[in-house]
Structure formats: structure tokens, C-alpha cells
Amino acid sequence: MDDLLSEFLTETNEGVAQLDVQLVELEQNPSKELLSSIFRLVHTIKGTCGFLGLPRLEKVAHAGENVLGKFRDGELPVTPEAVSLIFRSMDTIKGILSALEQTEKEPEGDDTQLIADLNAMADGKAAAAPATPAEPAAGHAPVVEESAEPMAAAPAEVTEQQEAAVPAVAETPAEVPPETVKAAAPPAAAAEGAAKESSLAQSIRVNVDVLEDLMTMVSELVLTRNQLLQISRMQKDSEFTPPLQRLNHVVSELQEGVMKTRMQPIGNAWSKLPRIVRDLSIELKKKIDLQMLGADTELDRQVLEMIKDPLTHMVRNSGDHGIEGPADRIKAGKPETGRITLNAYHEGGHIIIEISDDGKGLPIDMIKKKAVKNGLATESELEALSDQQIMQFIFKPGFSTAAQVTSVSGRGVGMDVVRTNIEKIGGTIDMNSVYGKGSRFLIKIPLTLAIVSALIVECAGERFAVPQLSVIELVRTSARSEYRIEHINNASVLRLRNRLLPLISLRELLKLEDNNAERKEDECFIVVAQVGASTFGIMVDRVFDTEEIVVKPVSPILRHINIFSGNTILGDGSVIMILDPNGIASNVGEIQGAALDGADAQASQKSKQGSRQALLLFRAGSKAPKAVPLALVARLEDVDMETVELSNGKPVVQYRGKLMPLVPIQEGYEIKRTGNQPVLVFADNERSMGLIVDEIVDIVEDNMNVELSTDKTGLMGSAIISGKATDVIDIGYYLDLAFPDWFGVKDEDTFGEEKTNNILLVDDSPFFRNLLTPLLTVAGYKVTTAENPLQAIKLMEGEQLYDAVVSDIEMPGMNGFDFVTKLRQDEKWRATPVIAMSSHTTPRDLERGRQVGFTDYVAKFDREGLLQALHHSLKVGGTA
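The numbering scheme is per chain: residues are counted from 1 as the chain's sequence reads. Restriction of local features to residues with pLDDT of at least 70 applies here, the model being predicted, together with a cutoff of 80 or more for giving and counting side-chain atom pairs; totals for whole chains, interfaces and linings are based on all residues. Where side-chain values are given, they derive from all heavy atoms of the structure, hydrogens and water being excluded.

1. With respect to the pairing of strand β29 (residues 715–721)
Argument step 1. Burial of β29 is extensive: 5 of the 7 residues sit out of reach of the surface.
Argument step 2. Examined bridge by bridge, β29 and strand β30 (residues 724–729) share 6 bridges and lie antiparallel to one another. Looking across to β30, one finds that Gly-717 is bridged to Val-728.
Argument step 3. Count of turn residues in the β29/β30 antiparallel hairpin: 2 residues, of which Ser-722 carries a positive phi of about 55°. Burial classes follow relative accessibility: with a 1.4 Å probe on protein chains only, a residue under 20% of its type's maximum area counts as buried, one over 50% as exposed, and anything between as partly exposed. Going along the chain from the N terminus, every DSSP run of H or I of four or more residues is numbered as a helix, and every run of E of two or more is numbered as a strand. Only strands that DSSP links by at least two bridges are regarded as paired with each other.

2. Overview of a nonpolar patch on the surface
Argument step 1. Among the surface-exposed residues, Leu-228, Ile-231 and Leu-247 lie close enough to one another that they form a single nonpolar patch of about 220 Å² accessible area.
Argument step 2. If you trace the backbone, Ile-231 turns up in helix α7 (residues 208–234). Nonpolar side chains (Val, Leu, Ile, Met, Phe, Trp, Tyr) within 5 Å and like charges within 9 Å form the patches, drawn only from residues with over 30% relative accessible area and no salt bridge. Every accessible area reported is derived by Shrake-Rupley at a probe size of 1.4 Å, with residue values counting cover from the shown protein chains alone. Here a salt bridge means any side-chain nitrogen of Lys or Arg lying within 4 Å of a carboxyl oxygen belonging to Asp or Glu.

3. Remarks on helix α23 (residues 816–824)
Argument step 1. Buried within α23 we find Gly-816, Phe-817, Phe-819, Val-820, Leu-823 and Arg-824. Around the axis of α23, the buried residues are gathered within 160° of arc, so they sit on the same side.
Argument step 2. What qualifies as a polar contact is a pair of N or O atoms within 3.5 Å, subject to a donor-acceptor requirement within protein and to the restriction that residues adjacent in sequence count only when both atoms come from side chains. N-cap assignment for α23: the residue whose side-chain oxygen lies 3.1 Å from the backbone N of Phe-817 is Asn-815. This arc is built from the directions going out from the helix axis to the C-beta atoms.

4. What about the nonpolar core?
Argument step 1. Within the largest apolar cluster, 45 residues are counted, with the highest numbers of intra-cluster contacts made by Ile-307, Ile-353, Ile-443 and Ile-445.
Argument step 2. The element contributing the most residues to this core is helix α11 (residues 301–322), with 7 residues.
Argument step 3. Every residue pair with non-hydrogen atoms within 4.5 Å of one another is taken to be in contact. With residues up to four places along the chain from it excluded, the contact list for Ile-443 reads Leu-311, Met-314, Ile-351, Ile-352, Ile-353, Ile-355, Ile-422, Thr-428 and Ile-429.
Argument step 4. In this text, buried Ala, Val, Leu, Ile, Met, Phe, Trp, Tyr and Cys residues form a nonpolar core when linked through side-chain atoms within 4.5 Å. With 40 residues, the next largest nonpolar core counts Val-16, Leu-19, Val-67 and Leu-68 among its residues.

5. Some remarks on the state of the cysteines
Argument step 1. Only a pair of cysteine sulfur atoms within 2.5 Å qualifies as a disulfide here. Tallied over the full model, the rule gives 0 disulfides.
Argument step 2. The cysteine Cys-459 is free of any disulfide, with Cys-524 supplying the nearest cysteine sulfur at 9.1 Å.

6. Considerations on the environment of Val-208
Argument step 1. Position of Val-208 relative to the elements: it lies in helix α7.
Argument step 2. Residue class for Val-208 comes out buried when judged on its relative accessible area of 1%.
Argument step 3. Along the chain, Val-208 and Arg-301 lie 93 residues apart, while their C-alpha atoms are 9.9 Å from each other.

7. Thoughts on the pattern of salt bridges
Argument step 1. Throughout the structure, instances matching the rule amount to 17 salt bridges.
Argument step 2. Glu-324 is the salt-bridge partner of Arg-329, the closest N and O atoms lying 2.9 Å from each other. For the pair Arg-329 and Glu-324, a shared accessibility class is recorded, and that class is buried.
Argument step 3. Close ionic contact of Glu-354 with Arg-440 constitutes a salt bridge, the shortest N to O distance being 3.2 Å. One end of the pair, Glu-354, is in strand β5 (residues 350–357); the other, Arg-440, is in strand β7 (residues 438–446), with 86 residues separating them in the sequence.
Argument step 4. Judged by relative accessible area, which is 4%, Glu-354 ranks as buried.
Argument step 5. Among the charged side chains, a salt-bridge network with shared partners connects Glu-27, Asp-91, Arg-275, Arg-278 and Asp-279.

Structural data, given as C-alpha cells:
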């Protein structure tokens, strides 16, 4: 292909891909800047076409430019009909560009009617532009039409240039397309940005294949690094140890750098959704508002390609099945416009994507009828299932609740393929729906597919890798410990913290022969894994360490076995299989339902017993036991003290590619110089802190009622835990020693006095919920927690009364401002004090908080300020 034509196609495709989003935004909120950006791109296309000899493309672009020029000059109003006509012209341009890329010449076609309609619109006359999406030009696939297999993965080739999303705005740098390290400015921006170019970083365009080859070489380098480290561990005090440690550090940095070149914002996968939702709303005569949060969250290009189609399908499902018509919504007491929300964020080495809507939710009765009709279950079997289990039928092949087949849905090809595609990349999908209120889908996917962290386990002498993404915890069972394997109807289960956990034996599943005749069946390790809403245990013989592994594809002869997702080479050169928790979960069988039922019963009993929680008991500095909520502890590590270094006079250790401060339990605590030391790792927002302790004692579940307060720094007080007087540590104090800005403000000693008020704490971060609950409990409050505003509203609709509410602001689905606005509309909660917590405390934030009805606004987390605000609000009462 000619270099000029290739460059033109690349630049133009990048800009045109973003036009769907910009045109939808223009229709909703016309602005001069947005119009100028769109006009410049079309003008550039028209000008370049004349130079390259592309008459058909030039004519369509010229006619579209005329209409956009009238928009820009204020001579023509931006109406839905006019925008639909511009969409028709953009679809035609996309089709011509697609054909140009394939054949290097313009396709034949008659655009007379389209150009006439555009010219008529520019002249202020009525054009024959349809309100619904038009058929695209030859060579360009329809935007909304659904194929028989809508979830087929897009090929990971250079053709993804067509999908890249780079806005043609001269004033701001372009987004990074898939095949670039840093994208050069589009042609429209080049002239205007020439003066600024010298101040911008130099950028080059790199072919995707080059990046793929680079990633492959880095993967091989990681394998070699692992082998060298394995040799180094076997040869203590070797002269190769220092250079190997340096090599390890360099390889880790190189790996991270190459991974960044593959990273793309997830917004690139969302670029078509505003157009699709707009066309759906017109076709279905509904009013739908699409909100996209976290569009700049980055993930691997390969993963991005795999989730594009599932996300598109789920958004269309929400618009078709979920959102009601305007009349039905008004009748149900809802706003006329329905809302679909996409939210993406990082959490512990993987990406969480939430798709939620405020529609009618899933009809349980209809799902039951369809399940019986399709022979998926009998009526008696359905009676024994919970609503959450019944909802899972929508993921069965051929299952659809649509009353009739339309161009949008109803064929029964959809959610089963969505789940299959997500599980192909090692992800999970979970859902929750309340009939009449809406639905929420939660997708959990790995950041990358190339190099992942895995737990190495052994069973019957064979080693396997389990992706750490799915591992929750490890439990060792024996006849002498409190954790014992029990049997229900010949199925193995583990009673773990008052709930039944279904177990599956890896030895039996793989039919492995164990040559160790002395091995006791009840003594083993349980790898507790989670897939979607299901939690189960995998029984193995030994557990080794976690290791970064390079994922190799499964051999064709083994691809029919769904419990393997790939293989890898360990540091000692051994080739082992990578287990797929999704495939193993499908083999758990009927005991899963029994375990869930048992868990529900135990949870009901637990709620009657009071607020018990898992606590980690340890010793440090003295023989007296100390406790911290287990949910706050990210990991338990044994640190080789010879690897500890000093930074600014304080001990640090290189941990997972970063420096982690090590904090002693008290001043004057003597740290070992040699040997291993137990460390409790606390992590949040990609920062970690290690608390040095002497001994890990146990994990117990008990009430944490602090009965004796203390003036000692680092302690909240003393409580009776497992029948012994135990010091409860204030982990916030130690986090503050490691990072003074961990909470955004400097924490001081806690403030409070005896109270009996009920507090509802609403925060989407489990870390901060677990951090603040003991603090408020010690201050004398009875605390109930909710992980999001919808859950909080559900709690507040019950009989329980709350004296005050403490709420975060930045939460997915519904933020704190919307939450308190809805709260103040209810007479029951109109006068209840509501304290806002946020890291954003600008005057504008404070003013908005006062306007919507917050009583007070506290920096996240000024612990003394929070207690003072609660004390003052409850004493004074009412809202500010």
C-alpha cells in the first residue's frame, strides 16, 4: 500500500472511530468546541481526498462538512434528525475507508440520495433522513445488527486501527491507539499544534506485531530469570547472588515497561456504546442515559479485544430487557429517563467492570417458567433454589426471556456466550438483580493474559499452578485442628467460619495415583477459590510459593479438558499445567447448592449472634496476644531479614517490584538481622506496609468488644477474644507511620466518649469499612456497614433505625451526592445527620455537599475529625 494512503487511513480511522461518541454528545449538549473538533476532522478528510484522488469520499465528506458548518455558524439547529443524517454520512465514510484498506481503491456505490439529503439539510429544507439507523455502505459492518454468533472475538491484528479512539481536538494530545507507543497528532490538529509540538514528547508509530514479538521475548526472559533465581536459592552465599538480584530488578522493570506499551484505556472498548444506546432508544422509543465511569482504566490490548463484544451485548440487553418505556417508568415512580451505568476500576491486580441499570430487573417467575419449558430443571428442583441461583439460568445456552424475537434480542444467543468469552480469558461474571429496581453485573478479569501471578501446589507428586486472581485463602486441615473435612451425602465439605464450603479433590478429579500410602485423607491443604458468586475449596497435598508465570497455550490434544487453561515452565525447568478455576467449579456439582443453603442458614444464625468477625491473633513485643481484623490484612509473609535495606534510616524491603516500609510494633523493638521474620502486609491503592511481628498465633472468629481503653499509642484497647485478654491494635496508627499521606491527612489520637447510637457506614472499599468499624466501635457506636448506596437504602427500608449515616462520596453505581439527595426525599430520614467522607475537600465540593443535604464534610480519613463531626451532629441534630 502507498505510504501516503496508509498514513491517511491510519489517521482518519483514529478520528472517525471517536465521532460516534462526539456526535452523541453533540446531540445532548451542543458546544462550540465540540462542533469545531468534528468540523475540523471532516474538513481534513475532504481536503486530503482531493490530493489522493478519492472523489467519492470527497463528495460525501464535502456534503457532511456543509451541514456541520451550518451547525458551527449557528445557522442550523442541532436536532436529532440532523445528527441522524450526519451519522448516515459517517457510516458511509467508514465503509469507504474499510474498502480502501482492503483493496486500496474506492468501492463502487451511489451516494446521490445521501448527498442530496445533506445538501437539503444545509439549505434548511426537510431531508429524507430516517430517524432510525440507516444501512451502512458496502464494506462496513452494521453497527447495531446482531449476528448469529455476536460474541466472536475480534482478531488481534493491525486492523484494530479502525477501532482506535483518538479525538481530533487540536488543543489536547490524542489518546494512544492500539498500535502506537504515543500517538502522533491527527492531521486536523497538526497545523494548529505545530507551535506546541516542540514542548510535547517525541512519539513514533509502532506496528502491533513488533510489540507482540517484544512481549514474547520478555516472557522468555522472565522464564530464564526464574530459572536463575531457582539455582541461586539452592546455592547459598554464591558470588552470583548480587548480580542476579540486580538482574531480577531490571527484568521486573523491563516487564512492567513492555506491559505498559500493551495497555489501553478501557474507554476504547466503549467508544461505540453511546451510538448504540442512542440508536436503541430511537428504535425502542425509550429514553436512556448512558453513564461511563473509569474510561481511563487501562488493561492489556488482548484482553480489551476479548471483552468488546460481551460489553456491547450486555449494554444492549440492559437497554432492551432492562430499561422500561417512559410510561411504565413514570407509573413505577421512576424518572422518565432510564440509566445504564458502566464503571471500571482496578482492584488487586485485576479489572472490575460493573454494568448496572435502574430498570425492571430480572423476572424470577418468568425465568422459572422458561427453565421448566426448556427442560433445565423441574418445578420441585426450582423450589429448592434461591433467587440468586435461579437467576443463573440466564447464562444457559438458548435461554431468553424476550416475548418476541427482534433485531435487538430474543434469539437465545447471548449471555451464555458472554460468560464463555469472559471465562476464556480467566475472568468471572456475577450478577445481582432486584425485580422492579434494576440489575447489576460484575465482571472480574485479569489485567493481562501474558504473565500472571500463580500459586504453585502439588497433588499426588504432580505440581500445578492456580491463578492467584481466584485464590481467596489457604486452609490446612487435620484431625487435630478446628478445620476438619466433613461429609454430607458422600460429598466433602469444610466448615469454615460458620459456613459450609464444598470441596473437590484434585486427585479424584484428575484420577491421579498417589504412591504415598502413609498419607492421611483428612490432612491436606485447601485452596479456597472464588468463581463469580460461588466459593469452593480445592484439596491438594502441598502448597509452595507464588510465582510469576508465563502462560503458554494448552496443547490441542488437551483442549477438550476444561480444567486446564494453559501450561508454564517453572524456574527448575519443569513444565506444569495451569488449572482453570472456572472449569473446576463446573465439577463441584450438587454440593454447591447444599453448601450455599448451609451458608444461608449459618448466616442467619450468625446475624442473631451479633457482629462477629474474623480476627488475626499474633504476638509482638511481649507475650500478650494482639489482634487485628483479618479483612484488613492483605497477606502474611516470612521476610528474609538479610534482604532488608535502610531508606532514610527506616527499614524497607523490595516487595513485588516496589519498596515496602517495615514498621515495628513499638519504639525500641529489636529487629532481627538474620533469619526470617513474620510480617503482616497491609495494602491499599497500590501501596503496601509491613508490620513486623514475632509470631502468628491463630485466626479466630469472635466479637471484638473493646472493654478497656488505653492511652498507649498504636492500641485501641483490650478485649476478650477466644477467652483471653487481648490488645486490639490501631492499624491506622501504623499505616500513618509508614505513609503520612495514606489517608490524605495526618491522623491524631482518636476522640470519643461512651455512646449507644446506631451508625450506618457506607463505603465501597472493604479496606476502609474494616478500618473504620473498630474505630467507631471503640468510640461507643454500634456500627452497621453497607458496601454501596443501594444496599444502604435497602437496609434503611427495614425496621432498623440509624442515628447517623457516614457515607463515602466516590462510589460506583450511585455516588454519595445522589445517595443523600434520595435520602432527604424520605420524611423518615430527612433530619438524620449524614457525614460525608471524601479525599476531595475543595470549596466547590463542600458547597455541593451542603446543597444536597450533608450535615458535615470530613476529609478521608481524618479520624479525629470524623468522631468530632459525629459527636457534634448527634448532639445538635438535624442537617446543616
